[in-house]
Amino acid sequence: MIDQTLLPGEIKQIECRDVSAVWEAIKMLRVRGAPAIGIAAAYGYVIGLQSANHQDEEQYFVAAGETVDYLASSRPTAVNLFWALNRMDQLCQSLRGEMGLAEITARMLEEAQAIHQEDREMCRAIGRFGADMLSDEVQGVLTHCNAGGLATAEYGTALSVLFTAQDLGNDLHVFVDETRPLLQGARLTAWELMQRGIQATLICDSMAAQVMKEGRIQAVITGADRIASNGDAANKIGTYSIAVLARAHGIPFYVAAPSSTFDLSLMSGDEIPIEERHPEEITHGFGRQTAPPGIQVYNPAFDVTPADLIDAIITEKGVIQPVNRNNIIKTLQVV
Ligand code: MRU
(Lines give C-alpha, C1' and ligand atoms only; values in the text may rest on other atoms or scores of the structure.)
Protein backbone atom coordinates (compact mmCIF):
# COMPACT_ATOMS: atom_id res chain seq x y z
CA MET A 1 0.00 0.00 0.00
CA ILE A 2 1.01 3.65 -0.42
CA ASP A 3 2.09 5.14 2.91
CA GLN A 4 -0.32 8.07 2.96
CA THR A 5 1.41 9.74 5.90
CA LEU A 6 4.27 10.68 3.55
CA LEU A 7 2.12 12.28 0.84
CA PRO A 8 2.31 14.60 -0.99
CA GLY A 9 6.09 14.81 -0.53
CA GLU A 10 6.90 11.18 -1.13
CA ILE A 11 5.11 8.30 -2.87
CA LYS A 12 6.35 5.24 -1.05
CA GLN A 13 4.84 1.78 -1.07
CA ILE A 14 5.05 -0.27 2.08
CA GLU A 15 4.63 -4.02 2.35
CA CYS A 16 2.66 -5.55 5.21
CA ARG A 17 3.76 -9.14 5.73
CA ASP A 18 2.11 -9.86 9.07
CA VAL A 19 -1.13 -8.91 10.76
CA SER A 20 0.52 -6.49 13.17
CA ALA A 21 1.94 -4.53 10.21
CA VAL A 22 -1.59 -4.21 8.79
CA TRP A 23 -2.91 -3.13 12.22
CA GLU A 24 -0.13 -0.54 12.53
CA ALA A 25 -0.77 0.78 9.01
CA ILE A 26 -4.47 1.29 9.77
CA LYS A 27 -3.87 2.77 13.23
CA MET A 28 -1.19 5.20 12.03
CA LEU A 29 -3.25 6.23 8.96
CA ARG A 30 -0.73 4.87 6.45
CA VAL A 31 -3.89 3.48 4.90
CA ARG A 32 -6.96 5.53 5.68
CA GLY A 33 -10.43 6.34 4.38
CA ALA A 34 -13.32 4.03 5.23
CA PRO A 35 -13.38 1.74 2.15
CA ALA A 36 -9.56 1.48 1.97
CA ILE A 37 -9.44 0.48 5.63
CA GLY A 38 -11.99 -2.28 4.93
CA ILE A 39 -9.97 -3.58 1.97
CA ALA A 40 -6.74 -3.54 4.00
CA ALA A 41 -8.47 -5.45 6.81
CA ALA A 42 -9.74 -8.10 4.37
CA TYR A 43 -6.19 -8.73 3.11
CA GLY A 44 -4.96 -8.59 6.73
CA TYR A 45 -7.40 -11.39 7.55
CA VAL A 46 -5.88 -13.49 4.76
CA ILE A 47 -2.36 -12.82 6.09
CA GLY A 48 -3.62 -14.04 9.47
CA LEU A 49 -4.86 -17.27 7.87
CA GLN A 50 -1.66 -17.74 5.89
CA SER A 51 0.40 -17.64 9.06
CA ALA A 52 -2.01 -19.87 11.03
CA ASN A 53 -1.27 -23.54 11.74
CA HIS A 54 -2.58 -25.48 8.73
CA GLN A 55 -2.06 -28.84 10.49
CA ASP A 56 -4.62 -28.19 13.21
CA GLU A 57 -8.15 -27.11 12.28
CA GLU A 58 -9.02 -25.97 15.79
CA GLN A 59 -5.96 -23.71 16.03
CA TYR A 60 -6.53 -22.40 12.49
CA PHE A 61 -10.00 -21.12 13.36
CA VAL A 62 -8.85 -19.75 16.72
CA ALA A 63 -6.19 -17.78 14.81
CA ALA A 64 -8.89 -16.50 12.42
CA GLY A 65 -10.97 -15.24 15.36
CA GLU A 66 -7.93 -13.61 16.96
CA THR A 67 -7.10 -11.82 13.70
CA VAL A 68 -10.63 -10.42 13.53
CA ASP A 69 -10.50 -9.13 17.12
CA TYR A 70 -7.04 -7.66 16.67
CA LEU A 71 -7.70 -5.84 13.39
CA ALA A 72 -11.08 -4.64 14.69
CA SER A 73 -9.24 -2.88 17.54
CA SER A 74 -7.26 -0.64 15.15
CA ARG A 75 -9.85 2.13 14.59
CA PRO A 76 -13.47 2.39 15.81
CA THR A 77 -15.47 4.70 13.54
CA ALA A 78 -15.33 3.53 9.91
CA VAL A 79 -17.78 0.64 9.74
CA ASN A 80 -16.19 -0.71 6.54
CA LEU A 81 -13.47 -2.21 8.75
CA PHE A 82 -16.00 -4.31 10.68
CA TRP A 83 -18.09 -4.98 7.58
CA ALA A 84 -15.10 -6.45 5.72
CA LEU A 85 -13.87 -8.49 8.70
CA ASN A 86 -17.35 -9.83 9.30
CA ARG A 87 -17.84 -10.77 5.66
CA MET A 88 -14.47 -12.52 5.57
CA ASP A 89 -14.97 -14.35 8.85
CA GLN A 90 -18.53 -15.50 8.09
CA LEU A 91 -17.43 -17.03 4.80
CA CYS A 92 -14.36 -18.62 6.36
CA GLN A 93 -16.43 -20.19 9.15
CA SER A 94 -18.96 -21.48 6.62
CA LEU A 95 -16.18 -23.33 4.76
CA ARG A 96 -15.09 -25.22 7.86
CA GLY A 97 -15.25 -28.95 7.14
CA GLU A 98 -16.14 -28.28 3.50
CA MET A 99 -12.55 -28.20 2.22
CA GLY A 100 -8.95 -28.38 3.40
CA LEU A 101 -7.37 -25.48 5.29
CA ALA A 102 -5.03 -24.57 2.41
CA GLU A 103 -8.02 -24.42 0.10
CA ILE A 104 -9.93 -22.26 2.55
CA THR A 105 -6.98 -19.87 2.74
CA ALA A 106 -6.85 -19.65 -1.06
CA ARG A 107 -10.63 -19.08 -1.23
CA MET A 108 -10.36 -16.30 1.35
CA LEU A 109 -7.70 -14.54 -0.71
CA GLU A 110 -10.19 -14.56 -3.58
CA GLU A 111 -12.79 -13.06 -1.26
CA ALA A 112 -10.45 -10.20 -0.27
CA GLN A 113 -9.78 -9.59 -3.96
CA ALA A 114 -13.54 -9.59 -4.57
CA ILE A 115 -14.04 -6.94 -1.86
CA HIS A 116 -11.27 -4.90 -3.52
CA GLN A 117 -12.79 -5.24 -7.00
CA GLU A 118 -16.35 -4.55 -5.81
CA ASP A 119 -15.13 -1.33 -4.22
CA ARG A 120 -13.67 -0.22 -7.56
CA GLU A 121 -17.03 -0.87 -9.21
CA MET A 122 -19.02 0.83 -6.42
CA CYS A 123 -16.85 3.94 -6.73
CA ARG A 124 -17.48 4.13 -10.48
CA ALA A 125 -21.23 3.75 -9.99
CA ILE A 126 -21.25 6.43 -7.28
CA GLY A 127 -19.45 8.70 -9.72
CA ARG A 128 -22.08 8.15 -12.40
CA PHE A 129 -25.06 8.74 -10.08
CA GLY A 130 -23.40 11.75 -8.48
CA ALA A 131 -22.32 13.43 -11.70
CA ASP A 132 -25.94 13.30 -12.89
CA MET A 133 -26.92 15.29 -9.82
CA LEU A 134 -24.54 18.17 -10.47
CA SER A 135 -26.40 20.48 -12.81
CA ASP A 136 -24.58 22.73 -15.27
CA GLU A 137 -25.09 25.63 -12.85
CA VAL A 138 -22.78 23.93 -10.37
CA GLN A 139 -19.29 25.26 -10.87
CA GLY A 140 -17.84 25.58 -7.41
CA VAL A 141 -17.88 22.52 -5.18
CA LEU A 142 -16.51 22.27 -1.65
CA THR A 143 -15.14 19.03 -0.27
CA HIS A 144 -13.71 18.08 3.11
CA CYS A 145 -11.06 15.52 4.06
CA ASN A 146 -10.15 12.98 1.39
CA ALA A 147 -12.70 10.73 -0.26
CA GLY A 148 -10.72 10.00 -3.40
CA GLY A 149 -8.79 7.11 -4.86
CA LEU A 150 -6.46 7.03 -1.87
CA ALA A 151 -9.38 6.41 0.49
CA THR A 152 -10.89 3.63 -1.62
CA ALA A 153 -9.91 0.92 -4.09
CA GLU A 154 -9.36 3.33 -6.92
CA TYR A 155 -11.63 6.23 -7.89
CA GLY A 156 -13.08 7.50 -4.66
CA THR A 157 -16.56 8.35 -3.50
CA ALA A 158 -16.97 12.15 -3.27
CA LEU A 159 -14.06 12.67 -5.65
CA SER A 160 -15.40 10.01 -8.01
CA VAL A 161 -18.41 12.29 -8.53
CA LEU A 162 -16.10 15.17 -9.41
CA PHE A 163 -13.83 13.03 -11.61
CA THR A 164 -16.84 11.69 -13.50
CA ALA A 165 -18.36 15.16 -13.88
CA GLN A 166 -15.09 16.32 -15.34
CA ASP A 167 -14.97 13.34 -17.72
CA LEU A 168 -18.46 14.37 -18.89
CA GLY A 169 -17.20 17.86 -19.70
CA ASN A 170 -18.40 19.72 -16.61
CA ASP A 171 -15.65 22.20 -15.70
CA LEU A 172 -15.74 22.26 -11.94
CA HIS A 173 -13.71 24.33 -9.55
CA VAL A 174 -13.16 22.43 -6.35
CA PHE A 175 -12.56 24.17 -3.04
CA VAL A 176 -10.64 21.90 -0.71
CA ASP A 177 -10.81 22.29 3.05
CA GLU A 178 -7.33 21.63 4.40
CA THR A 179 -8.99 19.49 7.12
CA ARG A 180 -7.34 20.06 10.44
CA PRO A 181 -5.63 18.50 12.30
CA LEU A 182 -4.01 16.03 9.89
CA LEU A 183 -4.61 17.92 6.66
CA GLN A 184 -6.03 15.09 4.53
CA GLY A 185 -7.57 17.80 2.33
CA ALA A 186 -4.33 19.70 1.77
CA ARG A 187 -2.04 16.69 1.55
CA LEU A 188 -4.23 14.17 -0.26
CA THR A 189 -7.30 15.71 -1.92
CA ALA A 190 -5.44 18.72 -3.35
CA TRP A 191 -2.81 16.30 -4.65
CA GLU A 192 -5.36 13.96 -6.25
CA LEU A 193 -7.23 16.83 -7.92
CA MET A 194 -4.02 18.31 -9.29
CA GLN A 195 -2.97 14.90 -10.64
CA ARG A 196 -6.19 14.85 -12.65
CA GLY A 197 -5.95 18.44 -13.82
CA ILE A 198 -9.08 19.58 -11.97
CA GLN A 199 -9.07 23.23 -10.92
CA ALA A 200 -8.65 23.25 -7.16
CA THR A 201 -8.29 25.92 -4.50
CA LEU A 202 -7.13 25.08 -1.01
CA ILE A 203 -8.75 26.88 1.92
CA CYS A 204 -8.46 26.61 5.69
CA ASP A 205 -11.51 24.95 7.26
CA SER A 206 -12.43 28.24 8.95
CA MET A 207 -12.75 30.00 5.58
CA ALA A 208 -15.68 27.94 4.29
CA ALA A 209 -18.39 30.36 5.46
CA GLN A 210 -16.73 33.30 3.76
CA VAL A 211 -16.20 31.40 0.51
CA MET A 212 -19.87 30.33 0.54
CA LYS A 213 -21.02 33.87 1.24
CA GLU A 214 -18.99 35.10 -1.72
CA GLY A 215 -21.12 32.80 -3.91
CA ARG A 216 -18.23 30.62 -5.01
CA ILE A 217 -19.81 27.31 -3.98
CA GLN A 218 -22.97 25.71 -5.40
CA ALA A 219 -22.63 22.25 -3.84
CA VAL A 220 -20.80 20.51 -1.02
CA ILE A 221 -19.85 16.86 -1.29
CA THR A 222 -18.07 14.66 1.22
CA GLY A 223 -17.55 10.98 1.93
CA ALA A 224 -18.65 9.14 5.07
CA ASP A 225 -17.20 6.67 7.54
CA ARG A 226 -20.44 5.26 8.93
CA ILE A 227 -24.07 6.04 8.17
CA ALA A 228 -26.79 5.05 10.63
CA SER A 229 -30.15 3.67 9.49
CA ASN A 230 -31.78 7.11 9.80
CA GLY A 231 -29.14 8.72 7.54
CA ASP A 232 -27.02 10.44 10.20
CA ALA A 233 -23.50 10.29 8.76
CA ALA A 234 -20.14 10.24 10.53
CA ASN A 235 -17.26 11.74 8.60
CA LYS A 236 -14.01 13.54 9.31
CA ILE A 237 -14.21 16.16 12.04
CA GLY A 238 -15.42 19.45 10.59
CA THR A 239 -17.93 17.91 8.19
CA TYR A 240 -20.85 18.74 10.48
CA SER A 241 -19.91 22.45 10.57
CA ILE A 242 -19.69 22.50 6.78
CA ALA A 243 -23.18 20.99 6.57
CA VAL A 244 -24.54 23.65 8.94
CA LEU A 245 -22.88 26.37 6.86
CA ALA A 246 -24.21 24.89 3.63
CA ARG A 247 -27.77 24.91 5.01
CA ALA A 248 -27.34 28.51 6.21
CA HIS A 249 -26.31 29.55 2.71
CA GLY A 250 -28.93 27.48 0.85
CA ILE A 251 -26.26 25.23 -0.70
CA PRO A 252 -27.02 21.50 -1.16
CA PHE A 253 -24.91 19.17 0.96
CA TYR A 254 -24.31 15.68 -0.48
CA VAL A 255 -22.69 12.60 1.01
CA ALA A 256 -21.21 9.97 -1.32
CA ALA A 257 -20.69 6.50 0.13
CA PRO A 258 -20.94 2.82 -0.83
CA SER A 259 -23.41 0.43 0.80
CA SER A 260 -20.54 -0.98 2.90
CA THR A 261 -20.49 2.34 4.82
CA PHE A 262 -24.06 1.94 6.12
CA ASP A 263 -24.60 0.48 9.58
CA LEU A 264 -28.28 -0.39 9.63
CA SER A 265 -27.96 -1.85 13.12
CA LEU A 266 -27.78 1.71 14.46
CA MET A 267 -30.97 3.71 14.88
CA SER A 268 -29.16 7.05 14.79
CA GLY A 269 -25.77 8.69 14.64
CA ASP A 270 -25.73 9.02 18.45
CA GLU A 271 -24.67 5.36 18.53
CA ILE A 272 -21.66 5.81 16.24
CA PRO A 273 -18.39 5.43 18.17
CA ILE A 274 -16.20 8.46 17.61
CA GLU A 275 -12.46 7.91 17.58
CA GLU A 276 -10.45 10.21 19.81
CA ARG A 277 -6.87 10.60 18.68
CA HIS A 278 -3.63 11.67 20.30
CA PRO A 279 -3.42 15.27 21.61
CA GLU A 280 -0.11 15.73 19.81
CA GLU A 281 -1.95 15.83 16.49
CA ILE A 282 -3.17 19.24 17.68
CA THR A 283 -0.30 20.49 19.85
CA HIS A 284 2.50 19.34 17.53
CA GLY A 285 1.09 19.52 14.01
CA PHE A 286 3.65 17.67 11.86
CA GLY A 287 6.37 17.77 14.47
CA ARG A 288 6.48 21.42 15.52
CA GLN A 289 5.06 22.42 18.89
CA THR A 290 2.31 24.99 18.34
CA ALA A 291 0.66 25.06 21.78
CA PRO A 292 1.95 25.59 25.32
CA PRO A 293 3.11 22.41 27.06
CA GLY A 294 0.46 20.96 29.37
CA ILE A 295 -2.58 22.52 27.64
CA GLN A 296 -5.65 20.25 27.74
CA VAL A 297 -6.70 18.96 24.35
CA TYR A 298 -9.83 17.31 22.98
CA ASN A 299 -9.29 15.61 19.62
CA PRO A 300 -12.33 13.76 18.23
CA ALA A 301 -11.40 12.55 14.73
CA PHE A 302 -14.98 12.44 13.42
CA ASP A 303 -18.34 14.14 13.83
CA VAL A 304 -21.86 13.17 12.89
CA THR A 305 -23.90 15.23 10.46
CA PRO A 306 -27.62 14.84 11.20
CA ALA A 307 -29.65 13.41 8.32
CA ASP A 308 -31.80 16.51 8.04
CA LEU A 309 -28.77 18.54 6.95
CA ILE A 310 -27.97 16.06 4.17
CA ASP A 311 -29.76 16.75 0.89
CA ALA A 312 -28.89 13.40 -0.65
CA ILE A 313 -26.71 10.35 -0.12
CA ILE A 314 -25.18 9.06 -3.34
CA THR A 315 -24.58 5.29 -3.26
CA GLU A 316 -23.63 2.73 -5.91
CA LYS A 317 -27.25 1.57 -5.88
CA GLY A 318 -28.78 4.98 -6.47
CA VAL A 319 -29.40 8.32 -4.83
CA ILE A 320 -31.16 8.48 -1.47
CA GLN A 321 -33.24 11.64 -1.47
CA PRO A 322 -34.80 12.72 0.81
CA VAL A 323 -32.60 11.07 3.38
CA ASN A 324 -34.71 8.94 5.71
CA ARG A 325 -34.86 5.33 6.94
CA ASN A 326 -37.44 4.20 4.36
CA ASN A 327 -35.53 5.57 1.42
CA ILE A 328 -32.28 4.10 2.70
CA ILE A 329 -33.81 0.65 3.00
CA LYS A 330 -35.49 0.97 -0.40
CA THR A 331 -32.34 2.12 -2.18
CA LEU A 332 -30.03 -0.39 -0.55
CA GLN A 333 -32.63 -3.11 -1.19
CA VAL A 334 -32.31 -4.51 2.31
CA VAL A 335 -35.23 -6.67 3.28
O1 MRU B 1 -9.21 9.59 9.57
P2 MRU B 1 -9.39 9.28 8.12
O3 MRU B 1 -8.41 10.02 7.25
O4 MRU B 1 -9.41 7.79 7.84
O5 MRU B 1 -10.83 9.84 7.78
C6 MRU B 1 -11.34 9.66 6.48
C7 MRU B 1 -12.59 10.36 6.21
O8 MRU B 1 -13.24 10.90 7.06
C9 MRU B 1 -13.08 10.26 4.80
O10 MRU B 1 -13.69 11.45 4.41
C11 MRU B 1 -14.08 9.12 4.75
O12 MRU B 1 -13.47 7.93 5.17
C13 MRU B 1 -14.67 8.93 3.44
S14 MRU B 1 -13.56 8.00 2.43
C15 MRU B 1 -14.20 7.58 0.98
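Everything discussed here concerns the structure shown above.
All values derive from a computational prediction rather than experimental measurement.

Chemist: Would you take a moment to explain the side chain of R32 for this structure?
Modeler: Counting through the fold element by element, R32 comes out in the loop between α1 (19-27) and α2 (34-50). No salt bridge is formed by the buried R32; the nearest opposite charge belongs to E192, separated by 6.4 Å. A polar side-chain atom of R32 sits 2.8 Å from a polar atom in the side chain of Q4. At 2.9 Å, the side chain of R32 and the backbone oxygen of N146 are in polar contact. Not counting chain neighbours up to four residues away, the residues in contact with R32 comprise Q4, I37, R75, C145, N146, L150, A151, Q184 and L188.

Chemist: What is the right way to read the pattern of salt bridges from this model?
Modeler: Oppositely charged side chains may form a pair once their charged atoms are brought near each other. One pass over the full model with this rule turns up 16 salt bridges. Between E214 and R216 there is a salt bridge, and its shortest N-O distance comes to 2.5 Å. The class for R216 is partly exposed, based on a relative accessible area of 46%. Linked by salt bridges that have partners in common, R75, E275, R277 and E281 make up one network.

Chemist: How should the packing of helix α3 (residues 57-72) against helix α4 (residues 79-94) be read in this particular structure?
Modeler: A packed helix pair is summarised by two numbers, namely the angle formed by the two axes and the spacing between the axes. For the pair α3 and α4, the least separation of the axes is 10 Å and the interaxial angle reads 175 degrees. In terms of orientation, α3 lies roughly antiparallel with respect to α4. Across from Y60, F61, A64, V68, L71 and A72 in α3, the residues of α4 making contact are L81, F82, L85, D89, C92 and Q93. For the contact of α3 with α4, the per-class residue count stands at 10 nonpolar, 1 polar and 1 charged.

Chemist: Explanation requested: helix α7 (residues 184-195) in the structure shown.
Modeler: What sets the pattern is the α-helix's 3.6 residues per turn: residues three or four places apart point alike. Look at α7: 15 Å from first C-alpha to last across 12 residues, which is about the 16 Å you get at 1.5 Å a residue. Within the span of α7, buried status applies to Q184, G185, R187, L188, T189, A190, W191, E192 and L193. If you follow the buried residues of α7, they end up packed against β1 (140-143), α6 (158-167), β2 (173-177), β3 (199-203) and β6 (233-236). Two residues or fewer after α7 comes G197, characterised by a positive phi angle close to 70 degrees.

Chemist: What is the right way to read the layout of surface pockets from this model?
Modeler: Picture a little ball the size of a water molecule; that probe, rolled over the atoms, points out where space is still empty. In this structure, the largest pocket spans a volume of roughly 830 Å³. Along the wall of the largest pocket there are 31 residues; nearest its centre are M1, I2, V31, I39 and H116. If you list the elements that add at least two residues to the lining of the largest pocket, you get α2, α5 (101-133) and α7. Top contributing element to the lining of the largest pocket by residue count: α2, with 8 residues. Each residue belonging to the lining of the largest pocket can be placed in one class, and the counts come to 17 nonpolar, 8 polar and 6 charged.

Rules behind the numbers
Residues numbered from 1 in each chain as written. Predicted model: local features only at pLDDT ≥ 70, side-chain atom pairs only at ≥ 80, totals over all residues. Heavy atoms only, no water. Helix = DSSP H or I, 4+ residues; strand = E, 2+ residues; numbered from the N terminus. Buried < 20%, exposed > 50% of the residue type's maximum accessible area, 1.4 Å probe, protein only. Lys, Arg positive; Asp, Glu negative; His and termini not counted. Salt bridge = Lys/Arg side-chain N within 4 Å of Asp/Glu carboxyl O. Polar contact = N/O pair within 3.5 Å; in protein donor to acceptor, adjacent residues only side chain to side chain. Contact = heavy atoms within 4.5 Å. Axes fitted to C-alpha atoms, helices over the stretch in contact; angles between N-to-C directions. Parallel < 35°, antiparallel > 145°, perpendicular 65-115°, else oblique. Nonpolar A, V, L, I, M, F, W, Y, C, P; charged D, E, K, R; others polar. Expected span 1.5 Å × (residues − 1). 1 Å grid on protein atoms, 1.4 Å probe; cavity = no way out; pocket = protein on both sides within 12 Å on 5 of 7 lines; lining within 4 Å. Points joined across faces, edges and corners; volume = space filled by probe spheres on them.

Scope: geometric values only; no functional claims are made or implied.
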